[in-house]
Amino acid sequence: MIVDVHQHLWPEPLIEELRKRTDPPRLRDWTLVLAGEPDYRIDPDEHDVARRVSENRDDRVEVALNSLSSPLGIESLPFNQAHRLLEAYHDGSLALPDPFRAWASACLNEIDPGALERDLERGFVGLQLPATALLYEADYDRVAPLLGTLQNAARPLFIHPGPAALPRSPGPGWWPAIVTYVQQMHAAWFGFRVHGRRRHPHLKVCFAMLAGLGPLHGERFAARAGSRTVTDPSVFLEISSYGTKAIDATIRMLGIDGLVNGSDRPYARPVRPEVGDAALHALRTANPLRLLDREKEVSHELASASRAQPANP
């Protein structure tokens with residue numbers, strides 16, 4: 001079983017709601033308009049459900065977790081606007097066929113742990129929040145009811161890059177993805193260590209894009225803060241947009257047990273790092289199942305399938 005913990009597939013209800021809007025985030029036909037980034041022309045085929053199902057089948061992906069694109073800034077909109085878009089994303093994601101499951105999202109202007117409880121009961125695997133909402137102590141005060149709900153339900157938190165700030169002057173189109181998102185994830189990595197883990201000692205957390213390579217600064221952290229990097233068995237990092245060199249360096253710092261497979265499809269392609277078969281199995285199967293607490297469920301499914309096989313003559 002191959003698990004991809006990080007894909008983006010905009011369901012039709014979300015596309016319709018984005019096209020109704022006159023302010024960012026909005027869609028003009030297939031052009032995405034955001035407040036802090038250049039207009040982005042989207043290939044409609046990238047959000048075609050049948051095509052994505054076929055791509056996952058070709059890659060032998062048996063579980064693909066759909067994720068709201070947090071850089072759109074939906075979670076930070078006023079409640080009435082956020083609610084319409086989040087409802088469209090949630091309903092549309094639940095209607096996607098296999099192999100899809102999905103991360104829930106939440107409005108950050110009106111924190112509602114009850115809504116999160118209902119979303120988890122509906123089948124969402126956990127909660128995604130933007131990195132920009134998880135940097136400082138006040139941020140953790142604000143989202144504490146959501147994180148407490150996750151911890152009580154034994155469901156994970158997925159930390160994803162959030163909206164890019166309005167630029168002082170136009171820059172290259174790749175700037176947000178290469179600079180802004182990396183900085184956000186790097187800051188969120190240390191923000192969780194300082195504020196999050198102390199408050200939520202049993203919460204499972206997964207950082208997108210190797211936490212902006214924040215873990216690689218462990219030696220500098222030791223030199224400047226007097227603290228060494230500690231391997232946290234409930235913290236995971238997904239590998240999207242990085243290759244063998246960055247993945248290998250992170251393994252050298254933290255070990256293999258915390259790394260999980262994620263593609264960020266369609267914005268990046270799946271990678272097959274040159275780390276050996278055992279490590280590849282850990283990345284693609286064992287570690288994601290542990291993140292999602294599905295090891296026992298999968299073992300039961302495999303045992304049932306084995307019992308269903310006819311005996312050899």
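Here, every reference points to the structure presented above.
Residues numbered from 1 in each chain as written. Predicted model: local features only at pLDDT ≥ 70, side-chain atom pairs only at ≥ 80, totals over all residues. Heavy atoms only, no water.

Concerning the overall build of the protein
Regarding its fold elements, the protein presents 10 helices and 11 strands. Relative to its length of 313 residues, the protein is compact, with a C-alpha radius of gyration of 19 Å against a globular reference of 20 Å. Taken over the C-alpha atoms alone, the protein extends approximately 70 × 50 × 40 Å along its principal axes. Here the protein holds 313 residues, and 52% of them are scored as buried. (Helix = DSSP H or I, 4+ residues; strand = E, 2+ residues; numbered from the N terminus. Rg over C-alpha atoms; globule rule 2.2 N^0.38 Å. Buried < 20%, exposed > 50% of the residue type's maximum accessible area, 1.4 Å probe, protein only.)

Brief notes about the sheet that holds strand β7 (residues 127-130)
Read from one edge to the other, the open sheet built from 5 strands follows the order β7-β8-β9-β10-β11, with strand pairing classed as parallel. The sheet is open, and its two edges are formed by β7 and β11 (259-260), each paired on a single side. In terms of strand pairing, β7 meets strand β8 (residues 157-160) through 4 bridges, oriented parallel. Bridge pairing links Leu127 to Leu157 in β8. The strands that helix α5 (residues 137-153) touches are β7 and β8; relative to β7, the one it contacts most, it runs at about 150°. (Pairing = 2+ DSSP bridges. Contact = heavy atoms within 4.5 Å. Axes fitted to C-alpha atoms, helices over the stretch in contact; angles between N-to-C directions.)

Thoughts on the sheet that holds strand β5 (residues 61-66)
The 3 strands lie next to each other as β1-β5-β6, forming an open sheet whose pairing is parallel. Unpaired on one side and paired on the other, β1 (2-7) and β6 (100-102) mark the two borders of the sheet. Ignoring which end each strand starts from, the neighbouring axes of this sheet average 25° apart. Direction of pairing for β1 relative to β5: parallel, over a ladder of 4 bridges.

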